[in-house]
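# Understanding the architecture of this molecule
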Amino acid sequence: MKRILTGLKPSGELTLGSLIGGIKQSILYQDKYDSFIFVPDLHAITVPQDTVLLKERIKKNVALYLACGIDPNKNTIYIQSENLYHTNLSWILECHTYMGEASRMTQYKDKTSKGEIVSVGLFTYPILMAADILLYDTLYVPVGIDQKQHVELARDLATRFNNKYGDTFIVPEPLIPKIGAKIMDLQNPTKKMSKSDGDTKGSILLLDNEDVIRKKIMSAVTDSDNKVYYDMENKPGISNLLTIYSALSNKTIKEVEELFKEYNYGNLKKEVANIVVATLMDIQKKYQEYLNSEIIEEILNNGNKKASEIAKTKYEIVAKKIGLGRF
Ligand code: ATP
Ligand code: MG
């Protein structure tokens, strides 16, 4: 069966962007493919983290995956740092990556171009992401548009390795959602909604309460033209609201445009707030049930066991091919 894999960094509270661009995609494909979803905690520490919050978020995020509709019977769910083969393979891949290609990765480029001091981990994390993907013979990687470049690096590294040592890795493909590949910040709709940029006024967190959600959506930045239609370039704020509605209602953008074409911005925002609240209240109710149950431990123990076995087999094949140890 073809394998699909995804992960959402516990670097901040999961947002509506995480749900629409990440988790929802995995749910869409969990019946069709052998699905892996993990908590990439090693990726979170590429930037400084509060150690207590990080630990809490790892479990919280698993509860959120489940509450959003990730079915534990159809998914292998595990924590990255508990499986040492991720970092082992990452090192091997680092030794097959050129400085030039790693330097072209956008996150590193963006941060350093702003003069921020970054860790070596932030520089090499796309290679760790390649290891996350290649360890499991993953064919499909559902990602938002911001991660497409990293899946392309994984493809390049897989192809390079296969050419040098013989067929070893499956060359993965990114799966970019048709709607919601980039949910924008509500306060700055030309910027991606992100969970780790400090100010959360423009991000809807999956665990925000109803009042906060409504306030954030009602104060979303729009334009002064007061006509509802989709035009990402000239009307990014309104287009973002239409995209959110479309993704959560499973209607096309055209259908949503038609539905709201006579609405003023205030009424459109109310409708968007209603569907976001309905979606997130349902998730939050299930989240509390999962968080208070023993099931997460059991799911992670099973998931980790299965993932480690697959990773071990793959790692030993790789190590043998390149002459490491006594394999
Ligand atoms: P960070 O700011 O810490 O990088 P993030 O919000 O970008 O956090 P990630 O864990 O890096 O989240 O990404 C997890 C997945 O969710 C990726 O596939 C990413 O493309 C997707 N994703 C994240 N934010 C959005 C968004 N605003 N719109 C669509 N997809 C998103
Ligand atoms: Mg990100």
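What you see is a predicted model; the values in this text were computed from it and never measured.

## A word on the overall build of the chain
Counting its secondary structure elements, the chain contains 13 helices and 5 strands. The C-alpha atoms of the chain give 20 Å as radius of gyration, which agrees with the globular expectation for 327 residues (20 Å, within 12%). Counting only C-alpha atoms, the chain reaches 70 × 45 × 40 Å along its principal axes. With 327 residues in all, the chain has 50% of them scored as buried. Here the contacts in the chain between residues at least 6 apart in sequence split such that 76% fall between residues at least 24 apart. Element-wise, carbon and sulfur atoms account for 51% of the exposed surface of the chain, whose accessible area totals about 15,600 Å². Averaging the coordinates of the 43 positive side-chain charges in the chain and doing the same for the 41 negative ones gives two points 3 Å apart.

## Observations concerning the domain arrangement of the chain
Domain assignment breaks the chain into domain 1 (3–176 + 294–322) and domain 2 (181–292). A separation of 27 Å is found between the C-alpha centroids of domain 1 and domain 2. If you look at the interface, domain 1 gives 26 residues, while domain 2 gives 26 residues. Summed over both partners, the interface of domain 1 with domain 2 buries about 2,300 Å², with 75% contributed by carbon and sulfur atoms.

## With respect to the pairing of strand β2 (residues 34–39)
Burial within β2 is extensive, with 6 of its 6 residues counted as buried. The alternating pattern of β2 places Asp34, Phe36 and Phe38 and Ser35, Ile37 and Val39 on opposite faces, both of which are buried. Where strand β1 (residues 3–7) and β2 come together, 5 bridges link them in parallel fashion. Bridge assignment links Ile4 to a residue of β2, and that residue is Ser35. Handedness of the crossover joining β1 and β2 through helix α1 (residues 16–29) is recorded here as right-handed. Sheet topology places β2 next to strand β3 (residues 75–79); 5 bridges connect them, and they run parallel. The residue bridging Val39 from the neighbouring strand is Ile79, located in β3.

## A word on the site of ligand 1
Among the 19 residues in the neighbourhood of ligand 1, the closest are listed as Ser11, Asp146, Lys192, Ser194 and Ser196. One of the backbone nitrogen or oxygen atoms of Ile183 is found 2.8 Å away from a nitrogen atom of ligand 1. In this structure, Ser194 approaches ligand 1 through a side-chain N or O atom, which is 2.5 Å from an oxygen atom. Grouping the amino acids of the shell around ligand 1 by side-chain chemistry returns 5 nonpolar, 9 polar and 5 charged. Residue contributions to the shell around ligand 1 reach at least three from each of two domains, namely domain 1 (3–176 + 294–322) and domain 2 (181–292).

## Regarding the pairing of β3
For β3, a buried count of 5 out of 5 residues is recorded, marking the element as mostly surrounded by other parts of the structure. With burial as the criterion, each face of β3 is covered, one bearing Asn75, Ile77 and Ile79 and the other bearing Thr76 and Tyr78.

## Some remarks on the pattern of salt bridges
In this structure the tally under the stated criterion is 21 salt bridges. Residue Lys306 pairs with Asp34 through a salt bridge whose shortest N-O separation is 4.0 Å. With Lys306 in helix α13 (residues 295–322) and Asp34 in strand β2, this residue pair connects regions lying 272 residues apart in the sequence. Given the relative accessible area of 36%, Lys306 is considered partly exposed. With a closest N to O distance of 3.4 Å, Lys191 and Asp185 form a salt bridge. A residue is classified by how much of its surface remains accessible, and Asp185, at 4% relative accessible area, is buried. Salt bridges linked by common partners bring Asp223, Asp225, Lys227 and Lys235 together as one network.

Quick notes on the rules
- Residues numbered from 1 in each chain as written.
- Chains lettered and ligands numbered in written order.
- Predicted model: local features only at pLDDT ≥ 70, side-chain atom pairs only at ≥ 80, totals over all residues.
- Heavy atoms only, no water.
- Helix = DSSP H or I, 4+ residues; strand = E, 2+ residues; numbered from the N terminus.
- Rg over C-alpha atoms; globule rule 2.2 N^0.38 Å.
- Buried < 20%, exposed > 50% of the residue type's maximum accessible area, 1.4 Å probe, protein only.
- Contact = heavy atoms within 4.5 Å.
- Areas by Shrake-Rupley, 256 points an atom, 1.4 Å probe, with all protein chains shown as cover.
- Lys, Arg positive; Asp, Glu negative; His and termini not counted.
- Charge placed at Lys NZ, Arg CZ, Asp CG, Glu CD.
- Domains from an automatic or database assignment.
- Buried area = accessible area lost by both parts, 1.4 Å probe.
- Pairing = 2+ DSSP bridges.
- Right-handed = clockwise from strand over helix to strand, strands pointing away.
- Near = heavy atom within 4 Å.
- Polar contact = N/O pair within 3.5 Å; in protein donor to acceptor, adjacent residues only side chain to side chain.
- Nonpolar A, V, L, I, M, F, W, Y, C, P; charged D, E, K, R; others polar.
- Salt bridge = Lys/Arg side-chain N within 4 Å of Asp/Glu carboxyl O.

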